[in-house]
Amino acid sequence: MQVDIHRSWEKVLQSEFKSDYFRDLIAFVKKEYRNKKCYPPGPNIFNAFNSCPFDCVKVILLGQDPYHGPGQADGLCFSVPKGESIPPSLQNIFKEIERDLGLSIPLSGNLENWAKQGVFLLNSTLTVRSNQAGSHQNKGWEEFTDAVIKTLSKGSQGLVFMLWGGFAKQKIKLIDTDKHLVLKSGHPSPLSANRGYWFGNKHFSQCNGYLETLGKKPIKWV
């Protein structure tokens, strides 16, 4: 199966692309996109990889599923295209950035600028059927994205992994915590944030402080 993905990722993930599970996964995804309405649009399935080459990754932010409503999913976790309403979780992310760094809340929920600076915006599952959250889980995407996380952990040094919520926190087992900074907190969704598990985590300032100690350029979050 030929995957349209940045060559830096193609190089380090060749064994995954040649595997039986990935072949079966792509066959499933192709069938779903032929017969059902699915998101993100086909050309954006690997947008996280194409927007942030392997050698440019500084920060990994993990989501779970793409948005399953029309016009929302753009292939970057938590992000929506310009002009779309900002979803509640992303609103809370922006509110924490405002509290943590004193920056104004953006008017757009498009996070392409983060990706261009080295923030790898990875969903665990890269596709979803319209209006059916979780519909493409347990089809092979998780095996692939777990391999991506392990590849980043093994092949890089001094990365920042942001693990928000119970699902993301489980991924710590894939990360060498002696080589990288892992920041954990509750999820920014209203249910979690309003219970006190999100606001005040100061992940954005901690992330930039760590990058600066390594001589890396900090992320401009706004």
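The sections below set out a description of the structure shown in this document. This structure is a prediction, so every number in the text was calculated from the model and none was measured.

About the cut-offs
- Residues numbered from 1 in each chain as written.
- Predicted model: local features only at pLDDT ≥ 70, side-chain atom pairs only at ≥ 80, totals over all residues.
- Heavy atoms only, no water.
- Helix = DSSP H or I, 4+ residues; strand = E, 2+ residues; numbered from the N terminus.
- Axes fitted to C-alpha atoms, helices over the stretch in contact; angles between N-to-C directions.
- Parallel < 35°, antiparallel > 145°, perpendicular 65-115°, else oblique.
- Left-handed = near helix turned anticlockwise from the far one by under 90°.
- Contact = heavy atoms within 4.5 Å.
- Nonpolar A, V, L, I, M, F, W, Y, C, P; charged D, E, K, R; others polar.
- Buried < 20%, exposed > 50% of the residue type's maximum accessible area, 1.4 Å probe, protein only.
- Pairing = 2+ DSSP bridges.
- 1 Å grid on protein atoms, 1.4 Å probe; cavity = no way out; pocket = protein on both sides within 12 Å on 5 of 7 lines; lining within 4 Å.
- Points joined across faces, edges and corners; volume = space filled by probe spheres on them.

On to unusual backbone geometry. Cis peptide bonds are those with omega within 30 degrees of zero, and the linkage from Tyr39 to Pro40 qualifies with -5°. With respect to the helices, strands and loops of the structure, Pro40 is situated in the loop between strand 1 (38-39) and helix 4 (47-51). Even without being glycine, Asn138 reaches a positive phi, approximately 60°. By the element assignment, Asn138 lies in the loop between strand 4 (128-129) and helix 7 (141-155). One non-glycine residue, Lys202, adopts positive backbone phi at about 55°.

Turning next to the packing of helix 3 (residues 20-35) against helix 7. For the pair helix 3 and helix 7, interaxial distance at closest approach is 9 Å and the crossing angle is 125°. As the angle between them shows, helix 3 and helix 7 are arranged oblique. Read as a crossing pair, helix 3 and helix 7 show a hand that is left-handed. In this structure, helix 3 uses Tyr21, Phe22, Leu25 and Val29 to contact helix 7, whose residues at the interface are Trp141, Glu143 and Phe144. Per-class residue counts for the contact of helix 3 with helix 7 are six nonpolar, no polar and one charged.

For strand 3 (residues 119-123), the buried fraction is high: five of the five residues fall into the buried class. Side chains of strand 3 alternate between two faces, with Val119, Leu121 and Asn123 and Phe120 and Leu122 buried alike. In this structure, strand 2 (residues 59-63) lies alongside strand 3, joined through five bridges in parallel fashion. Across the sheet, residue Ile60 finds its bridge partner in strand 3, namely Phe120.

What follows concerns empty space enclosed by the protein. If you walk through the whole model with that rule in mind, you get two cavities of 30 Å³ or more. Residue lining of the largest cavity: Leu62, Gly63, Leu122, Ser124, Thr145, Asp146, Ile149, Phe167, Ala168 and Lys171, and that is the complete set. At the level of secondary structure, the elements contributing two or more residues to the lining of the largest cavity comprise strand 2, helix 7 and helix 8 (165-169). Ranked by residue count, the leading element in the lining of the largest cavity is helix 7, at three residues. Partitioned by chemical class, the residues of the lining of the largest cavity number five nonpolar, three polar and two charged. In this model, the second largest cavity occupies a volume close to 30 Å³. Along the walls of the second largest cavity sit Ile45, Pro66, Gly75, Asn123, Thr125 and Leu126, which together make up its complete lining. For the lining of the second largest cavity, the per-class residue count stands at three nonpolar, three polar and no charged.

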